[in-house]
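Notes for the structure review
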Amino acid sequence: MKILVTVKEVATVEDEFEIEGTAIADQYLGADLNEWDDYAVEEAVQLQEAGLADEVVTVTIGPEDCEQTIRQALAKGADRAIRIWDDALEGVDLLDVGAKTELLKAVVEAEEPDLVLSGVQSGDDSFGATGVSLASAVDFQWGAVVNGLEHDLEDGVASVRRELEGGVEELTDIDLPAVLTIQTGINEPRYASLRGIRQAQRKDLDVQTLADLGVDAGAVEGDLELTEMYEPETESDVTVWEGGADDTAGQLAELLREKGVAQ
């Protein structure tokens, strides 16, 4: 069985930052592997360690600068990686779900995985729709917000636990091939060992353009446009009392009664 994992480099932002136009100033930005994708990688590697997968392949859409970040997945056990980039993507401010779906669909058709794992969402745009959109495009079964996966996959069926609204959980069986979007907490992502980091530098990272994938440049011209970025104003009503518990307990009780929290 082959598992394909979608991964993404996302920006990390310092506590104090400045906005320049429609972006946060570069000096306040770092980069890391998307948190949800980290759990997806770990789940794939665990399935391989259980003898259920022959190969784990990762795919990302991003420029050369992101290679060190996405090699974290290789350092944690993925076998090889695909990076999609093209001159047509250089000027795109916000790659929408439809564009990502077209690119990832081409990779799925070429790789023919039995299982695709994707993070529920990314820490930057937080669309939370790419995995399900991809499943629809390639006509795979799907399960969203998966926080439990049985490591047996008997008879080509994945038994999963899904997180639904209101704290409800659903147990369901999904026929492979399938796309599962992985929720944080499904496992405990491992740290990359020094040996893994060294090995990751020697693992294959295949760069593919739109032409390589057979995707027309018009496919990445999305309907979304980033028009403004700003830090929202926050309003807070904070009451601070000084003194010990004996001095402040009565004042707190009175405030709670005023707010209708206590009788």
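Everything below is about the structure printed above this text.
This one's a predicted model, so the numbers in the text were calculated from it and none came from an experiment. (Residues numbered from 1 in each chain as written. Predicted model: local features only at pLDDT ≥ 70, side-chain atom pairs only at ≥ 80, totals over all residues. Heavy atoms only, no water.)

1. Overview of the overall build of the protein chain
To keep things clear, this is the line we draw: Note on conventions: DSSP H or I runs of at least 4 residues are helices, E runs of at least 2 residues are strands, and numbering of each starts at the N terminus. Burial classification: accessible surface area is computed with a 1.4 Å probe over protein chains only, and a residue below 20% of its type maximum counts as buried, one above 50% as exposed, and the rest as partly exposed. Here, two residues are considered to be in contact whenever any of their heavy atoms come within 4.5 Å of each other. Accessible surface is estimated by sampling points in the Shrake-Rupley manner with a 1.4 Å probe; for residues, cover comes only from the protein chains shown.
Counting its secondary structure elements, the protein chain contains seven helices and 13 strands. Going through the 263 residues of the protein chain one by one, you find that 41% of them count as buried. Within the protein chain, contacts between residues separated by at least 24 positions form 70% of all contacts whose residues are at least 6 apart in sequence. A total accessible area of about 14,900 Å² is found for the protein chain, and carbon and sulfur atoms account for 42% of it.

2. Overview of the pattern of salt bridges
Note the threshold: For salt bridges, the criterion is a side-chain nitrogen of Lys or Arg within 4 Å of an Asp or Glu carboxyl oxygen.
Under the defined criterion, the tally for this structure stands at twelve salt bridges. Two residues, Arg190 and Glu42, come together in a salt bridge whose shortest N-O distance is 2.8 Å. Of this pair, Arg190 sits in the loop between strand S12 (178-182) and helix H5 (194-200) while Glu42 sits in helix H1 (residues 35-49); the two residues are 148 residues apart in sequence, bridging distant segments of the chain. Overall, Arg190 belongs to the partly exposed group, its relative accessible area being 26%. Across the pair Arg162 and Glu170 runs a salt bridge whose closest N-O atoms are separated by 2.7 Å. Arg162 sits in the buried class, given a relative accessible area of 15%. Glu170 gets classed as partly exposed once you look at its relative accessible area, which sits at 28%. Each member of the salt-bridge network shares a partner with another, and the members are Lys2, Glu55, Arg80 and Glu111.

3. Overview of H1
Which entries qualify depends on this criterion: Helix span, as expected, comes to 1.5 Å for every residue beyond the first.
With 15 residues, H1 extends 21 Å between its outermost C-alpha atoms, agreeing within 8% with the 21 Å of an ideal straight helix rising 1.5 Å per residue. Every buried residue belonging to H1 is among Trp36, Asp37, Asp38, Tyr39, Ala40, Val41, Glu42, Glu43, Ala44, Val45, Leu47 and Gln48, and all of these are buried. Once H1 ends, the next one or two residues include Gly51, with phi positive near 85°.

4. Quick notes on a negative patch on the surface
For clarity, the cut-off: Excluding any residue in a salt bridge, patches collect residues exceeding 30% relative accessible area, merging like charges within 9 Å and nonpolar Val, Leu, Ile, Met, Phe, Trp and Tyr side chains within 5 Å. Here Asp and Glu are counted as negative and Lys and Arg as positive; His is not counted, and neither are the chain ends. The location of each charge is read from NZ of Lys, CZ of Arg, CG of Asp or CD of Glu.
A cluster of acidic residues, Glu14, Asp15, Glu16 and Glu231, forms a negative patch on the protein surface. Mapped onto the secondary structure, Asp15 falls in the loop between strand S2 (9-13) and strand S3 (19-20). Overall, Asp15 belongs to the exposed group, its relative accessible area being 76%.

5. Quick look at the nonpolar core
Applicable threshold: The definition of a nonpolar core used throughout is a set of buried Ala, Val, Leu, Ile, Met, Phe, Trp, Tyr and Cys residues joined through side-chain atoms within 4.5 Å.
Within the largest apolar cluster, 33 residues are counted, with the highest numbers of intra-cluster contacts made by Ile3, Val5, Leu117, Leu149, Leu180 and Ile182. Elements that contribute at least two residues to this core include exactly strand S1 (2-6), H1, helix H2 (67-75), strand S8 (115-119), strand S9 (141-149), strand S10 (157-163) and S12. If one sorts the elements of this core by residue count, H1 sits on top with six residues. With residues up to four places along the chain from it excluded, the contact list for Leu180 reads Leu115, Val116, Leu117, Ser118, Gly143, Val146, Leu149, Val160 and Ile174.

6. Some details on the pairing of S8
Quick note on the threshold: Here, a strand pair is defined by DSSP locating no fewer than two bridges between the strands.
The element S8 is extensively covered by neighbouring structure, given that five of its five residues are classed as buried. By the alternation rule, side chains of S8 split into Leu115, Leu117 and Gly119 and Val116 and Ser118, which are all buried. Across five bridges, the pairing between S8 and S12 is parallel. Directly across from Leu115, in S12, lies its bridge partner Ala178.

7. A short note on the side chain of Asp125
Note the cut-off: The definition of a polar contact used here is a pair of N or O atoms within 3.5 Å, where within protein one atom must be able to donate a hydrogen and the other to accept one, and adjacent residues in sequence count solely through side-chain atom pairs.
Summarising the element assignment, Asp125 is placed in the loop between S8 and helix H4 (130-138). A distance of 2.9 Å separates polar atoms of two side chains, one belonging to Asp125 and the other to Lys100. Among all residues touching Asp125, those that are not within four sequence positions of it are Lys8, Leu94 and Lys100.

8. Considerations on the sheet that holds strand S13 (residues 205-208)
Definition in use: Interaxial angles span 0 to 180 degrees and are taken between N-to-C directions of axes, which are lines fitted to C-alpha atoms, for helices over the stretch in contact.
With mixed pairing, nine strands are arranged side by side in an open sheet as S11-S10-S9-S12-S8-S1-S6-S7-S13. The two strands at the open ends of the sheet, each matched to only one other strand, are strand S11 (169-175) and S13. The sheet shows a mean angle of 30° between the axes of neighbouring strands, direction not considered. When S1 meets S8, the two strands line up parallel, connected through four bridges. Residue pairing in the sheet places Ile3 in a bridge with Leu115 of S8.

9. Remarks on the environment of Val10
Relative to the assigned elements, Val10 resides in strand S2. When sequence neighbours within four positions are dropped, the list of residues in contact with Val10 reads Gly30, Ala31, Asp32, Leu33, Asn34, Ser122, Gly123 and Asp124.

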